[in-house]
Amino acid sequence: MLTGIDPLLGGDLLRILDHMGHNDTLLVTDAHYPAHAMGVPVVDLATTSPQAVRAIRTVLPVDMYAGPSVTLMTPEPGTGDEVQPQLQEATATRADRLEWIDRFAFYERGREVFAVVRTLETRKYGCIMLRKGVVGDDES
């Protein structure tokens, strides 16, 4: 048992997050995403995507150097209206660190991630990528 660690972050996920290096990307998916097709380690979390991101961000810094460090899937009109703002809020990062890309580009980039966290999120477009930064960088 550890203190100060969000209970959603089990040993398998903490090990993966620790093994990630600067610029490696973590993909947090909804229940619809073909997570196991990515060919990388998959950790299942019995929670929503925003709750998973909020917990992960307590230990994972996002990159503050080149380009956006948080990538969201651009939703089709009339979808993602509830989950997307919650995901943005959960990242606790500046707006200039965020980017949106279309669904097929998101799937293509998803093939290059370090690992996947698959959640029980059933709302569409509940997927996000977090590019790991350097511990100690000021994110404000």
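Residues numbered from 1 in each chain as written. Predicted model: local features only at pLDDT ≥ 70, side-chain atom pairs only at ≥ 80, totals over all residues. Heavy atoms only, no water.

## Let's talk about the overall build of the protein chain
And then number 1: Scanning the protein chain from terminus to terminus reveals four helices and six strands.
And then number 2: Along the chain direction, N to C, the helices and strands of the protein chain fall in the order α-β-β-α-β-α-β-α-β-β.
And then number 3: Computed over its C-alpha atoms, the radius of gyration of the protein chain comes to 14 Å, within 12% of the 14 Å expected for a compact globule of 140 residues.
And then number 4: Structurally, the protein chain occupies a C-alpha span of about 40 × 30 × 25 Å along its principal axes.
And then number 5: For the protein chain, the proportion of its 140 residues judged to be buried stands at 46%. (Helix = DSSP H or I, 4+ residues; strand = E, 2+ residues; numbered from the N terminus. Rg over C-alpha atoms; globule rule 2.2 N^0.38 Å. Buried < 20%, exposed > 50% of the residue type's maximum accessible area, 1.4 Å probe, protein only.)

## Digging into the sheet that holds strand β4 (residues 98-101)
And then number 1: Spatial ordering of the open sheet is given by β2-β5-β1-β6-β3-β4, a layout of six strands whose pairing is mixed. Two strands bound the open sheet, and with one partner strand each, they are β2 (42-44) and β4. Ignoring strand direction, the axes of neighbouring strands in this sheet form an average angle of 20 degrees.
And then number 2: Bridge count for strand β3 (residues 70-73) against β4 is four bridges, and the pairing is parallel. Directly across from L72, in β4, lies its bridge partner W100.
And then number 3: Relative to the sheet, helix α2 (residues 49-56) contacts β1 (25-29), β5 (115-118) and β6 (128-131), its axis offset from that of β1 by approximately 150 degrees.
And then number 4: Of the strands in this sheet, β1, β3, β4 and β6 are in contact with helix α4 (residues 103-110), which crosses β3 at around 130 degrees. (Pairing = 2+ DSSP bridges. Axes fitted to C-alpha atoms, helices over the stretch in contact; angles between N-to-C directions. Contact = heavy atoms within 4.5 Å.)

## Describing the environment of T122
And then number 1: Note that T122 resides in the loop between β5 and β6.
And then number 2: In this structure the C-alpha to C-alpha distance between T122 and D30, which are 92 residues apart in sequence, comes to 6.2 Å.

## Examining the packing of α2 against helix α3 (residues 83-91)
And then number 1: Orientation of α2 relative to α3, taken along the N-to-C sense of each, is 5 degrees, at an axis distance of 8 Å. Here α3 runs roughly parallel to α2, going by the angle between their axes. Of the residues in α3, those touching α2 at S49, P50, V53 and R54 are V83, Q86, L87, E89, A90 and T91.
And then number 2: In terms of residue class, the contact of α2 with α3 is made up of five nonpolar, three polar and two charged. (Parallel < 35°, antiparallel > 145°, perpendicular 65-115°, else oblique. Nonpolar A, V, L, I, M, F, W, Y, C, P; charged D, E, K, R; others polar.)

## Quick notes on the pattern of salt bridges
And then number 1: If you walk through the whole model with that rule in mind, you get eight salt bridges.
And then number 2: Residue D96 is joined to R94 by a salt bridge in which the shortest nitrogen-to-oxygen separation is 2.9 Å.
And then number 3: Relative accessible area serves as the criterion here: at 30%, R94 is assigned to the partly exposed category.
And then number 4: Across the pair R111 and E108 runs a salt bridge whose closest N-O atoms are separated by 4.0 Å.
And then number 5: On the basis of relative accessible area, E108 is assigned to the partly exposed category, the value being 49%.
And then number 6: One salt-bridge network, in which partners are shared between bridges, spans E82, E121 and R123. (Salt bridge = Lys/Arg side-chain N within 4 Å of Asp/Glu carboxyl O.)

## Regarding the nonpolar core
And then number 1: Counting residues in each nonpolar core, the largest one holds 26 residues, and the members touching the most others are L13, L26, V28, I56 and I128.
And then number 2: Elements supplying a minimum of two residues to this core: α1 (11-19), β1, α2, β3, α3, β5 and β6.
And then number 3: Per-element tally for this core: the top contributor is α2, with four residues.
And then number 4: Contacts of L13, omitting those with residues within four sequence positions, involve V43, L45, I56 and V117.
And then number 5: Membership of the second largest hydrophobic core comes to 13 residues, among which are Y33, A35, V113 and C127. (Core = buried A, V, L, I, M, F, W, Y, C linked by side-chain atoms within 4.5 Å.)

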